[in-house]
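# Close look at the chain arrangement
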Amino acid sequence: MPVVLQVLQSLTVLVGAPLYVGAISRAESIVASKRGPSVFQPYRDLAKLLRKGASVSDQASWVYAGAPFVVFACYLTVSVIVPIITSQPLPLAFLADLIGGAFVLGLAAFTMALAALDTASPQGGLGASRATWMGSLVEPALILVFFTVGVLSASDNPYLMNHAVRSSPYALVLPTHVLGTLAFFMLVLVENGRIPIENPSGSIEISMIEEGRVTEYSGRHYALMRWASWMKLFLLSSIFMNVFVIPWGLGNAHSLAGGLLAIPVLAGKLALCGLAIVVIDSSFAKLRFFRIAEFLGAAFLIALVGVITSYVVSV
Amino acid sequence: MQSLSSSSIDGTLLTLSSVGILLAAFACLGSKLFNRYVAYYGFQSVLLSFAAAVVAYHYDSAELWALAVITLALKGIAIPVATQRLLLHRLDLKRDVALSTGLSTSLIVGALLTAFAYLVIEPADLPHGVVAASVVPLSTAVVLLGGLAMVVRRHTVAQLIGWLITENGVFLGAITLVATFPFIVEAGIFLDLVAATLIMVVFVSGITRRLAEATSSELRGLQG
Amino acid sequence: MNGVLLIAALAVWAAGAGVDLLVGARRRWGRLAPYGAGAVGSALVCAVGVRSVLGARHVFDLGTTLAVDHTLVQLDPLAGLFLTLTGGLGVAISSCFVAWALPPDRVRGHATAAAYLLVLGAVTVIVLAADAFTFLFAWEALTLGFYALTSIQRRQPGTRRASWLTLGIGKVGGGALLIGFLLLSGKAHSTSLSAWHHLAHSPTTDAAFALVVVGCAAKVGLVPFHVWLPSGYPAAPGPARAAMAGLAANVGFYGLWRFLGILGAPPLWLAVAVLVIGGLTAFGGIAFGAVQGRLNRVVAYSSVENAGLILVGYGVALAGEATGHPGVAAVGLLAASLQILAHAVAKSALFGASAFVESDFGTDDLETLRGIGRRHPVSGAAFGLGSLTMAGLPPTIGFVSEWFMLEALLQEFRVHQLAVRLSMAFAGALVALSLGLAALAFIRLIGLTVLGRSPETTHPRSADDRNPLGVLGLGLLALPCLALSAAAPWVIRYLGRGLAVVLGGHTALSALRSPWVLQPVFPDFSILSPSWLFVVMPIAFATVTSATVVLSRRGLLRVRRVPAWRSATSGVAGADEYSAFGYANVLRHVLSNVLGSRRSLVHVEPEADEDLHGHVAVETMVVEPVLAYLYRPARAVWLWLATGTKRLQSGRLDAYVGYMLVALLVLLVIVATMR
């Protein structure tokens, strides 16, 4: 049974990710008083891209051709280790913890940047330089978030963290946890290239960051890159909701019914998270590039204050 | 290995020869003639080799016996003879005129230094009844006197003698305190000594022959 | 048996050095034999290392003939650990050296191989030494070897200054060690290291501990002693850089590990200081590395970063010992040891590969080096794997070590002292930041140097890295980057045996949760299985690939080749490709207050045949703060003092002896009053 749930969990991520993104962009259009595309538009995009042939830069080597698969495999690996539909570790959850997962995500980002430079396209280099630089500033804030998690649950394992918060809900209102959660949400926005970092719907050459890295990709390779980035948003939002905000509503590792029931619950949680993203996307302006460091600095400071308050107020 | 006690015959002999070494240093300091310097230094070295032999006899150590023999051969005979032949005779050195202070002043300062040596090397701190308690201040005094000789004399050959006296003081302290001094270190000191003497000889006989009565105050004119 | 092997190794090295000094590099066999001797001796040392990790502790007494006190040599699992590393790397670097030195004119004269073998021998003797005299003697011999290696190419500009810097910092470190050893041996009345084991803690032993840390830190390049690395390593010829950075620098860490085992719990302030300085070193090292314009300097600065990371792990171990948390100490030391391992193999691979590349291209300028992977597939692959390891990416050993490092810092909540907790959190943030910057720096190296547009130059390629020995050497350096990670549980078992000497028990083995799953010593904190990642990630990759190929009816494999997209407008002048300088510009801009980067506009005269007039080039320079704000003022003060002392320089021998006499008298007074 756990094996079935394991597969089910990865399938949830694979299939749910485009829907989640479609729902968010539909909601944004509605907020902006437009009708917007259908929530199933991302599936149609994928289907179309997967049918189309690819054109590849004449300078690119096998690194460029292999990168989409490596990136996709990385997100697939992360999808088996984090709590998406169950609150108990599934058979492969021993592979890595939150920090290990962050390293696997780091490998994905590294591969994308390499592929961008491999094309010898100036746009790719620009995107790679900017995205890697942002990624390096995300790391310290992220590690301080893990410090707040470690203080509260004496662990760095998402399942144990989830368990710790469920068993003493009081932890949810501790300043350490609140600040850590807030910082993590800011990092989710940065990692997925949402406003105020980057405009996910438009791609203007001069301000491209995430899109800059995949600008050379086309056809099936591009489909995989897009899908992978949607999976990333889905995964990070799920971790945010399941571990930090609402640790309830997950199934156990032994009943298929519990796992199946957890999927609609997860959809509800993600709706909340998506709503927050939509509100921010629609009400804030994009930051100037060099102001992004300040945004990340703010996330870092919030997490740091969270760690320091743990010395004073503890569970 | 038990320490050499000061009441035994060996200890008494060692103390006596140390006193002799100090007196030889004073004699050197109070003299004005080059051949006296060398003679006193030779006498001092013979006493030193005797002291080494006493220690060697006491501890029955072959290495120390070898040291005593080398000391006698090198410092007691070879260096004085070489200095006499190669430097004094060849350069026709007789009377040392390049003194910074008068003889009596340097003797008084020497006495003060000896007192100072006794003051800082408090015999009370060393184990009671051990011969080192009496010899170490003496050897320290010899070291200081040798230094003083180098300060108050400005002739290069006289300074060489002062340096050799200092070295004798160090050697005396070493054989008394650490009879187990590794042979390799002592052999190294000997090598240093020979090398330094040779350099001095070459330096002095090579350069000062042309400058006739060279003093280091004249050499000072050469500084850059 | 071990003794015979060791003597044989030292004899082979001495013979190799003799061949080099007598025959020199003019003859072909004179270029090959010494490095071959290096490989043979290293293999013997490696065998001794493995035997002593698996065996018990032995101390050999070589009598009093060689030094003031008894000369002691010891073989215990900790020494075995470092001997294994030294020997293994020695074999690989020596075979790189053979392949590299084969073409004439790369090695000239006599000293290169002799200095290299001196470094190998000194490292081995330091690890074996069980008394202070032998340790210091070998330490100074290593400094001498470093000086010799860095001064071989002294005709090249800047090299002379680099070798003096190497010597100077080496001497400062040796001096600190000497003073520390004197304090300890004065306390214990013995120069034998084992006699210092049970010294009661006092301000003297604390000061000695700090001095030992300073001495070892100078060797590995901790701030503010890191200034010699970026100029010293590139000054050495070819694979000798790998020997210095990957192999010899480890003795600094060995000294730290050994003295933690000997001296026991350090003072708390030392732990805090090591954590903070280690974190700052890691960050500063990689921040400066990421903006360097020369390949060897980037790699050398990455050594500074790694020294910082390892010292952070060591700081966690110190904090654990100082506050009485053996588990925290174990996880910190284990993390640092894994990082040493990762750094040693990856840095040797990077410098080994860059030696071939630089010799072929004749430069290590990042703006010129492009597409080296196509011209030198073996070097390119070794360089890429080394870079992945240094960037701490899964599934390399660097990933395992960095994971352990962060997990060790996360144990902060188990300690109660506020200063330690804060400094661990601070170090954690800095370590994470330097991880991110390391990714930035190494993407630059791989993406723009190994990959990218292949060079249009047509000068004949020298395929010396395809020489079987070169392939073997680079393979022995690059493959462990992956293999050690796949075999991480066994690596930890092996390390745990050695670290038991320091930790006083097999605490580090608790890092194995089950045979294939790791945890940061404390149960139920977190888990990682690099070995299983080696299974799962390829499966995921294969699934995705085959699924796409099937879904696209094999259309995936048919692609069109087109030029890369540049811009919507045509006729824009300038190079197509993103440059290494431009890539690092964002960092230069954002960290300008750390890097001290300044920009100035420089007018360039238009060239005659170009119709573009009045270019304005932007010149950016980076200022090393430690150099600018610590060493330069110190140098000014020193010069001022020197001018003052010149007046004392009368040139009179009697005056000098007078100074010495006065100094001696003052010293005697001090000694007398101190009693």
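Up top is the structure these notes are about.
Parameters at a glance
Residues numbered from 1 in each chain as written. Chains lettered and ligands numbered in written order. Predicted model: local features only at pLDDT ≥ 70, side-chain atom pairs only at ≥ 80, totals over all residues. Heavy atoms only, no water. Helix = DSSP H or I, 4+ residues; strand = E, 2+ residues; numbered from the N terminus. Buried < 20%, exposed > 50% of the residue type's maximum accessible area, 1.4 Å probe, protein only. Contact = heavy atoms within 4.5 Å. Rg over C-alpha atoms; globule rule 2.2 N^0.38 Å. Areas by Shrake-Rupley, 256 points an atom, 1.4 Å probe, with all protein chains shown as cover. Salt bridge = Lys/Arg side-chain N within 4 Å of Asp/Glu carboxyl O. Patch = residues over 30% accessible without salt bridge, like charges linked within 9 Å, V, L, I, M, F, W, Y side chains within 5 Å. Lys, Arg positive; Asp, Glu negative; His and termini not counted. Charge placed at Lys NZ, Arg CZ, Asp CG, Glu CD. Axes fitted to C-alpha atoms, helices over the stretch in contact; angles between N-to-C directions. Parallel < 35°, antiparallel > 145°, perpendicular 65-115°, else oblique. Left-handed = near helix turned anticlockwise from the far one by under 90°. Expected span 1.5 Å × (residues − 1). Bend = angle between axes of the 7 residues up to and from the residue. Buried area = accessible area lost by both parts, 1.4 Å probe. Polar contact = N/O pair within 3.5 Å; in protein donor to acceptor, adjacent residues only side chain to side chain. Nonpolar A, V, L, I, M, F, W, Y, C, P; charged D, E, K, R; others polar. Pairing = 2+ DSSP bridges. Disulfide = S-S within 2.5 Å. Phe/Tyr/Trp six-rings, centres within 6.5 Å; stacked < 30°, edge-to-face > 60°. Lys NZ or Arg CZ within 6 Å of the ring centre and 35° of its normal. Core = buried A, V, L, I, M, F, W, Y, C linked by side-chain atoms within 4.5 Å.

### Examining the overall build of chain B
Tallying secondary structure elements over chain B gives eight helices and zero strands in all. Counting from the amino terminus, chain B carries its helices and strands in the arrangement α-α-α-α-α-α-α-α. The 224 residues of chain B split such that 52% are buried. A fraction of 80% describes how many contacts in chain B between residues 6 or more apart in sequence connect residues 24 or more apart.

### Topic: the overall build of chain A
What chain A contains, in helices and strands, is 11 helices and one strand. Reading chain A from its N terminus to its C terminus gives the helix and strand order α-α-β-α-α-α-α-α-α-α-α-α. Here chain A has a C-alpha radius of gyration of 19 Å; the compact-globule value for 315 residues is 20 Å, and the two agree. Counting over 315 residues, chain A shows a buried share of 61%. For chain A, long-range pairs separated by at least 24 residues make up 82% of all intrachain contacts whose partners lie at least 6 apart in sequence. Counting every atom, chain A has about 10,900 Å² of accessible surface; 69% of that belongs to carbon and sulfur.

### Overview of the pattern of salt bridges
Once their charged atoms are close, side chains differing in charge can pair, the charge on each being opposite to the other. As enumerated under the stated definition, the model contains 12 salt bridges over all chains in all. Taken together, the salt bridges that share partners define one network made up of E28, R194 and D281 of chain A.

### Some words on a positive patch on the surface
The grouping of R108, R154, R155 and R160 of chain C at the surface amounts to a positive patch. Looking at where R154 of chain C falls in the secondary structure, it is placed in the loop between helix 5 (132–151) and helix 6 (159–188).

### Remarks on the environment of L627 of chain C
As for its placement among the helices and strands, L627 of chain C is situated in helix 24 (residues 625–646). Measuring from C-alpha to C-alpha, the distance between L627 of chain C and H226 of chain C comes to 9.9 Å, with 401 residues separating the pair along the chain.

### Description of the packing of helix 5 of chain C against helix 9 (residues 240–248) of chain C
Residue and element names in this part refer to chain C. Helix 9 packs onto helix 5 with a crossing angle of 150° between their chain directions and a minimal axis gap of 10 Å. Relative to helix 9, helix 5 is oriented roughly antiparallel. Considering only the axes of helix 5 and helix 9, their crossing is left-handed. On the side of helix 5, the interface is formed by L142, F146, L149 and T150, while helix 9 contributes A240, M244 and A248.

### Regarding helix 5 (residues 122–153) of chain A
Residues and elements named next belong to chain A. End to end, helix 5 covers 46 Å across 32 residues, agreeing with the expected 46 Å (1.5 Å per residue, within 8%). Along helix 5, the helix axis deviates most sharply at E139, where the bend reaches about 25°; the proline P140 sits within four residues downstream. Just downstream of helix 5, A154 is the residue with a positive phi angle, here 50°.

### Regarding the environment of V38 of chain B
With respect to the secondary-structure elements, V38 of chain B resides in helix 2 (residues 34–59). Every residue in contact with V38 of chain B, bar those within four places of it in the chain, is listed here: P80, T83, Q84, L88 and I161 of chain B.

### Comments concerning the interface of chain A and chain C
In many analyses, interface size is given as the accessible surface area lost on bringing the parts together. Tallying the contact residues gives 74 residues for chain A and 74 residues for chain C. Of the roughly 6,400 Å² buried between chain A and chain C on both sides combined, carbon and sulfur atoms contribute 74%. When the buried surface of chain A facing chain C is broken down by residue, F103, F110 and Y311 of chain A rank first, second and third, together holding 12% of it. Taken together, chain A and chain C are joined by zero salt bridges. At the surface where chain A touches chain C, the tally comes to 10 residue pairs in polar contact (both at pLDDT 80 or more). Breaking the side of chain A that touches chain C down by element, the ones donating at least two residues are strand 1 (54–57), helix 3 (62–81), helix 4 (98–118), helix 5, helix 9 (219–245) and helix 11 (292–312) of chain A. Ranked by residue count, the leading element in the side of chain A that touches chain C is helix 5 of chain A, at 18 residues. For the side of chain A that touches chain C, the class distribution of residues is 46 nonpolar, 20 polar and eight charged. Relative to strand 5 (residues 559–562) of chain C, strand 1 of chain A runs parallel, the two sharing four bridges.

### Structural notes on a nonpolar patch on the surface
Residues and elements named next belong to chain C. There is a patch of nonpolar side chains on the surface, built from W490, W516, W532, V535 and I539 and spanning about 520 Å² of accessible area. Ranked by residue count, the leading element in the nonpolar patch is helix 20 (residues 530–551), at three residues. Here I539 is to be found in helix 20.

### Quick notes on the state of the cysteines
All names here are of chain C. One pass over the structure, following the stated rule, counts zero disulfides over all chains. Cysteine C46 shares no disulfide, and the gap to the nearest cysteine sulfur, in C96, comes to 16 Å. Of all cysteine sulfurs, the one in C96 lies closest to C481, which takes part in no disulfide; the gap is 12 Å. In this structure C481 comes out as buried when scored by relative accessible area, which is 0%.

### Describing the packing of aromatic side chains
All names here are of chain C. All chains considered together, the criterion is met by 36 aromatic pairs over all chains. Between F413 and F525 the ring centres are 6.0 Å apart and the planes differ by 15°, which places this aromatic pair in the stacked class. Note that F413 is positioned in the loop between helix 16 (397–410) and helix 17 (418–450) and F525 in the loop between strand 4 (517–518) and helix 20, a separation of 112 residues in sequence. Ring-pair connections join several aromatic residues into one group, and the members of that group are F135, W139, F181, W196 and F259. When the ring centre of F361 is taken as reference, the NZ or CZ atom of R375 above it lies at 5.0 Å.

### A closer look at unusual backbone geometry
A negative phi angle is the norm for most residues apart from glycine, just as the trans form is the norm for most peptide bonds. All names here are of chain C. Cis peptide bonds are those with omega within 30 degrees of zero, and the linkage from V223 to P224 qualifies with 5°. As for its position among the elements, P224 is in the loop between helix 7 (203–220) and helix 8 (228–235). The omega angle of the peptide bond from P394 to P395 is 0°, so this bond is cis rather than trans. With respect to the helices and strands, P395 occurs in the loop between helix 15 (377–390) and helix 16. For H189, which is not a glycine, the phi torsion comes out positive at approximately 55°. Taking the relative accessible area as the measure of exposure, H189 reaches 72% and is therefore exposed. Of note in the backbone geometry, V521 takes a positive phi value of approximately 65° without being a glycine.

### Some thoughts on the environment of L484 of chain C
Residues and elements named next belong to chain C. Inspection of the secondary structure puts L484 in helix 18 (residues 468–486). Each C-alpha atom, one on L484 and one on V345, is 9.9 Å from the other, the two residues being 139 residues apart in sequence. Not counting residues within four places of it along the chain, the set of residues in contact with L484 comprises L341, V345, I397 and V491.

### Looking at the nonpolar core
Of all hydrophobic cores here, the largest spans 324 residues; its most connected members are W196, W257, Y314 and F404 of chain C. In terms of residue count, helix 13 (residues 326–361) of chain C provides more of this core than any other element does, 23 residues in total. Excluding its chain neighbours within four sequence positions, the residues that come into contact with F404 of chain C are V331, L334, A335, L338, I492, A511, L518, Q519 and P520 of chain C. F26, L29, V136 and V142 of chain B belong to the second-largest nonpolar core, a separate cluster that totals 57 residues.

### Some thoughts on helix 10 (residues 250–263) of chain C
All names here are of chain C. If you check helix 10, its first and last C-alpha atoms are 20 Å apart, about what 14 residues at 1.5 Å a residue would give, namely 20 Å. In terms of residue burial, helix 10 counts as a mostly covered element, since 14 of its 14 residues are buried. A positive phi of about 70° marks G264, the residue just after helix 10.

### Points about the side chain of T159 of chain C
Residues and elements named next belong to chain C. Its place among the elements puts T159 in helix 6. Assessed through its relative accessible area of 5%, T159 is described here as buried. Looking at T159, its side chain comes within polar contact range of the main-chain oxygen of Q156, at 3.1 Å. Excluding residues within four positions of it along the chain, T159 makes contact with T150, Q153, R154 and A235.

### As for the packing of helix 2 (residues 41–51) of chain A against helix 9 of chain A
For any two helices packed against each other, the geometry comes down to the angle between their axes and how far apart the axes lie. All names here are of chain A. Relative orientation of the contacting elements helix 2 and helix 9 amounts to 150°, with a least axis distance of 6 Å. It follows from the interaxial angle that helix 2 and helix 9 lie roughly antiparallel. When the axes of helix 2 and helix 9 are compared, the crossing they make is left-handed. Of helix 9, the residues touching helix 2 (which contributes P42, L46, L49, L50 and R51) are G219, R220, Y222, A223, W227 and W230. For the contact of helix 2 with helix 9, the per-class residue count stands at eight nonpolar, one polar and two charged.

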